[in-house]
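Here's the letter readout for the chains.
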Amino acid sequence: MIHGGKKVGGKRREFLDEEWKNETVIFPQVKGGPCNKNSLIITALFGHYRSQLVFFDTGSTSDIMYEQCFEQLDEEDKERLKPIHALVSGFGGEIIHPRGVISFPVTLSDGINSRTEEVEFLVLPATSKHDIILGREAIRDFNAHLSTAHGAVGVPTRTGVSIIHINRRCFATESSKPNKVPYQTRRTEPEKWVLNKKFPNQTVKIEPAISEIVRTFLKQLLTKNVDIFAWQDADMTGVPRNIAGHMLRVSSTFNPVVQKKRKMGPEQTKAMNEQVQDLLHLVIVPKSNGTWRMCIDFKDMNKIGRNLEVYMDDLVIKSIEEDQMLRDIKETFETLRSINMKLNPAKCSFGMEEGKFLGVIVTGAGFKANPDKVQAIARMPSPSSIKEVKTLNGRLVALNRFLANHAAKSYPFVSTLRNCLKKAYLKWTAEAEQAFMEVKNCLMELPTLTAPHAGEPLTLYLSATNIAIGAVLLTDRKTSKRQFIMSVGC
């Protein structure tokens, strides 16, 4: 039993208000009545170790790992020990200076239901017949119910109550070292998780990069906010009109007038269609699932926030750390609920290390050019028609932020189009061919763009010629080389 000392890991974890964590623990009936007198010593996993000597002690204010157990750990785990300035008093009142503090995910399971929580241990330079003591900190975090009479510990889990019975045969620590269990195979594919059991065919994606403990917390958070998702058409009740709406401002004093159809000649019809097309900025593009999408340029509707990027129906929550990700997701869900906006579960992915957004690859290191767009240019043969030159120019525009001095590099292509007297005739010049090869070489080493920090000094480099003006925005973060913010040209 350990008393006193600085409380470690006393911060209450989020999401403890889940209903399943408050489930009533009922211990099974014992023939003749419960009569156990032994200590509550069970088998548990911590990290990738298993110990048969995990002792639940309601008299201990801290969670303890004894020195003889610590010494059995792998070297990389020992290196995670952090120093701590604290004193603890033992059962006999002696003062003990802890070696440090170390954290492990601890899993309690009865073989059917299991639960994992992160536990921070004080490592004591002392020996004991126990490997680990789970004190009041861990008991609280697990919502554990202890019954010495039944010789069992009850722990609520998402799948039901786990009743873990004590070890009837306990060995001395010297002959029972914490055994290693195999590392869990690292996930390589996204988990398609059924969030709403009423709609098992609709799943959300949880990416493989996030840790198992955060994965558990994320699932708890998603379960609590299941109403944020639209599972059927009836769930789409609409955004309140006082928040967003559209109407035609017409005077109620005028009656509708049906105008007669105006006939136009072929040339006038063609010119009218071109003008309407320019006003709409409308284009039909293929989607990744093989269907088609009608796109309209609404760049003015792009919204950028502290931890959120929104462009039309695309929404990205951006977080640097895993625990921050949970807080950002929770905050975003609360915002969506306040305006009655729903998410499509089939299009939701959580815990992504990188992904496509607005035509670029967003990663933890910055923004990278879409490799599909780079390869589309790299594989192009030299243009042989006006249409192919226009296609080349369009593909270069999609990469212009990554391509330094883009305007000057693509000028020979634009000049080629201007010199075409007839739309059916293209004169591909030697200058255009040389520029085409140079562009392909530049595409092989495109920079990774980064986002500026608040208050960070930036350096702007300008380049001006008789045909184009270019600019590059850089920042110096004491790394091996300067980082690009963006490149523009006109």
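In every chain, residue numbers begin from 1 and rise along the written sequence. Totals for whole chains, interfaces and linings use all residues, but because this is a predicted model, local features are given only for residues with pLDDT of at least 70 and pairs of side-chain atoms are given and counted only at 80 or more. Water and hydrogen atoms were dropped before computing side-chain values, which therefore reflect all heavy atoms in the structure.

Q: So, the packing of aromatic side chains: which residues are in play, and what are the values?
A: Note on aromatic contacts: the rings of Phe and Tyr and the six-membered ring of Trp form a pair at centre separations within 6.5 Å, being stacked when their planes are under 30 degrees apart, edge-to-face when over 60 apart, and tilted otherwise. The full count for this structure, using the stated rule, is 10 aromatic pairs. When the ring of Phe413 is compared with that of Trp428, the centres are 5.9 Å apart and the planes differ by 10°; the resulting orientation is stacked. Taken as a pair, Phe413 in helix α9 (residues 406-418) and Trp428 in the loop between α9 and α10 (430-443) lie far apart in primary sequence, 15 residues in all. Burial here depends on accessible area, computed with a 1.4 Å probe over protein chains only, as a share of the maximum for the residue type. Under 20% is buried, over 50% is exposed, and the range in between is partly exposed. What makes Phe413 buried here is its relative accessible area of 0%. Here Phe413 and Phe436 contribute two aromatic rings whose centre-to-centre distance is 6.5 Å and whose plane-to-plane angle is 80°, an arrangement assigned as edge-to-face. Here Phe436 lies in helix α10 and Phe413 lies in helix α9, a separation of 23 residues in the sequence. Of the aromatic side chains, those joined through ring pairs into one cluster are Phe199, Phe229, Trp231, Phe333 and Phe350. By definition, any uninterrupted DSSP run of H or I lasting at least four residues is a helix, any uninterrupted run of E lasting at least two residues is a strand, and each is numbered from the N terminus.

Q: Just give me the short version of the nonpolar core, but keep the residues and values in it.
A: Throughout this description, the term nonpolar core refers to a set of buried Ala, Val, Leu, Ile, Met, Phe, Trp, Tyr and Cys residues connected via side-chain atoms within 4.5 Å. One finds Phe46, Phe56, Met65, Leu108 and Phe121 to be the most contacted residues of the largest nonpolar core, which totals 28 residues. Those elements that place two or more of their residues in this core are β1 (41-46), β2 (49-56), α1 (67-70), β6 (100-109), β7 (114-124), β8 (132-134), α3 (136-141) and β10 (152-157). At four residues, β6 tops the list of elements feeding residues into this core. The contact rule is simple, with two residues in contact once any of their heavy atoms fall within 4.5 Å. Phe56 has contacts with Leu40, Ile42, Leu108, Leu134, Ile139, Ala144, Leu146 and Val153, leaving out every residue within four places of it along the chain. Counting residues in each nonpolar core, the second largest holds 22 residues, with Ile210, Leu218, Ile228 and Phe229 among its members.

Q: Give me the packing of helix α8 (residues 386-397) against α9: which residues, what numbers.
A: Lines fitted to the C-alpha atoms define the axes, with helices restricted to the stretch that makes contact. Angles between their N-to-C directions range from 0 to 180 degrees. Interaxial distance between α8 and α9 falls to 10 Å at its minimum, and their mutual angle equals 160°. As the angle between them shows, α8 and α9 are arranged roughly antiparallel. Considering only the axes of α8 and α9, their crossing is left-handed. Taken together, the residues of α9 that come into contact with α8 (itself represented by Ile386, Val389, Lys390, Leu392, Asn393, Leu396 and Val397) are His406, Ser410, Phe413, Val414 and Leu417. In what follows, roughly perpendicular refers to angles from 65 to 115 degrees, roughly parallel to angles under 35, roughly antiparallel to angles over 145, and oblique to any angle outside these ranges. Helix crossings are classified by the rotation of the near helix relative to the far one: an anticlockwise turn of less than a right angle makes the crossing left-handed, while a clockwise turn makes it right-handed.

Q: Got a sec to walk through the sheet that holds strand β21 (residues 355-357)? Specific residues and values, please.
A: At least two bridges found by DSSP between two strands is the condition for calling them paired. Read across the open sheet, the three strands follow the order β21-β22-β23; overall the sheet is antiparallel. Sheet topology places β21 and β23 (367-369) at the edges, where each strand pairs with a single neighbour. Taking the axes of each pair of neighbouring strands and ignoring which way they run, one obtains an average angle of 40° across the sheet. By the bridge criterion, three bridges tie strand β22 (residues 360-362) to β23 in an arrangement that is antiparallel.

Q: How would you summarise the confidence of the model for the protein chain if you had to cite specific residues and measurements?
A: Per-residue confidence from the predictor is reported as pLDDT, a score between 0 and 100. For the protein chain, the average pLDDT comes to 78, and 80% of its residues sit at 70 or higher. Element-level pLDDT for the protein chain is lowest in strand β26 (residues 483-489), with a mean of 54, against a maximum mean of 93 in β8. Scored below 50 in pLDDT, residues 298-302 makes seven contacts in the model with residues more than four places away or belonging to other chains.

Q: Give me the lowdown on the environment of Phe142, citing residues and values where you can.
A: Along the chain, Phe142 turns up in the loop between α3 and β9 (145-147). When the C-alpha positions of Phe142 and Glu118 are compared, they lie 9.7 Å apart, and in sequence the two are 24 residues distant. Among residues more than four places away in sequence, those in contact with Phe142 are Val106, Leu108, Arg115, Thr116, Glu117, Val119, Val155 and Pro156.

Q: Explain unusual backbone geometry to me, and be specific about the residues and the numbers.
A: Despite not being glycine, Asn143 has its phi angle at roughly 50°, a positive value. Despite not being glycine, Asn340 shows a phi value in the positive range, around 60°. Locating Asn340 in the fold gives a position in the loop between α6 (322-338) and β20 (349-350). Taking the relative accessible area as the measure of exposure, Asn340 reaches 27% and is therefore partly exposed.

Q: Give me the lowdown on the pairing of strand β24 (residues 459-464), citing residues and values where you can.
A: Looking along a regular strand, one sees side chains alternate from face to face of the sheet. In terms of burial, β24 is largely open, as just zero of its six residues are buried. Where β24 lies against strand β25 (residues 469-475), six bridges are found, and the strand directions are antiparallel. When the sheet's bridge partners are listed, Thr459 is paired in β25 with Leu474.

Q: Break down the sheet that holds β9 for me, citing the residues and quoting the values.
A: Picture the strands of a sheet paired through backbone hydrogen bonds; they go either parallel or antiparallel. Across the sheet, which stays open at both edges, the three strands sit in the order β9-β10-β11 with antiparallel pairing between neighbours. This sheet does not close on itself; its edge strands, each paired only once, are β9 and β11 (160-165). Across the sheet, the axes of successive neighbouring strands diverge by a mean angle of 20°, strand direction being ignored.

Q: Can you break down the environment of Cys442 residue by residue, with the values?
A: Tracing the backbone shows Cys442 in helix α10. Given the relative accessible area of 29%, Cys442 is considered partly exposed. Here the alpha-carbon distance between Cys442 and Ala404, two residues 38 residues apart in the chain, equals 8.8 Å. If near-sequence neighbours (up to four positions away) are discounted, Cys442 is found in contact with Leu403 and Lys409.

Q: How would you explain the pattern of salt bridges if you had to name every residue and give the values?
A: For this document, the term salt bridge refers to a Lys or Arg side-chain nitrogen within 4 Å of an Asp or Glu carboxyl oxygen. Summed over all chains, the structure comprises 12 salt bridges. Between Arg99 and Glu71 there is a salt bridge, with its nearest N and O atoms 2.7 Å apart. One end of the pair, Arg99, is in the loop between β5 (95-96) and β6; the other, Glu71, is in the loop between α1 and α2 (75-78), and 28 residues separate them in sequence. Arg140 serves as the salt-bridge partner of Asp141, at 2.9 Å between the closest nitrogen and oxygen. Classification of Arg140 as partly exposed rests on a relative accessible area of 23%. Each of Glu67, Glu71, Glu75, Lys78 and Arg99 takes part in salt bridges that share partners, so that together they form one network.

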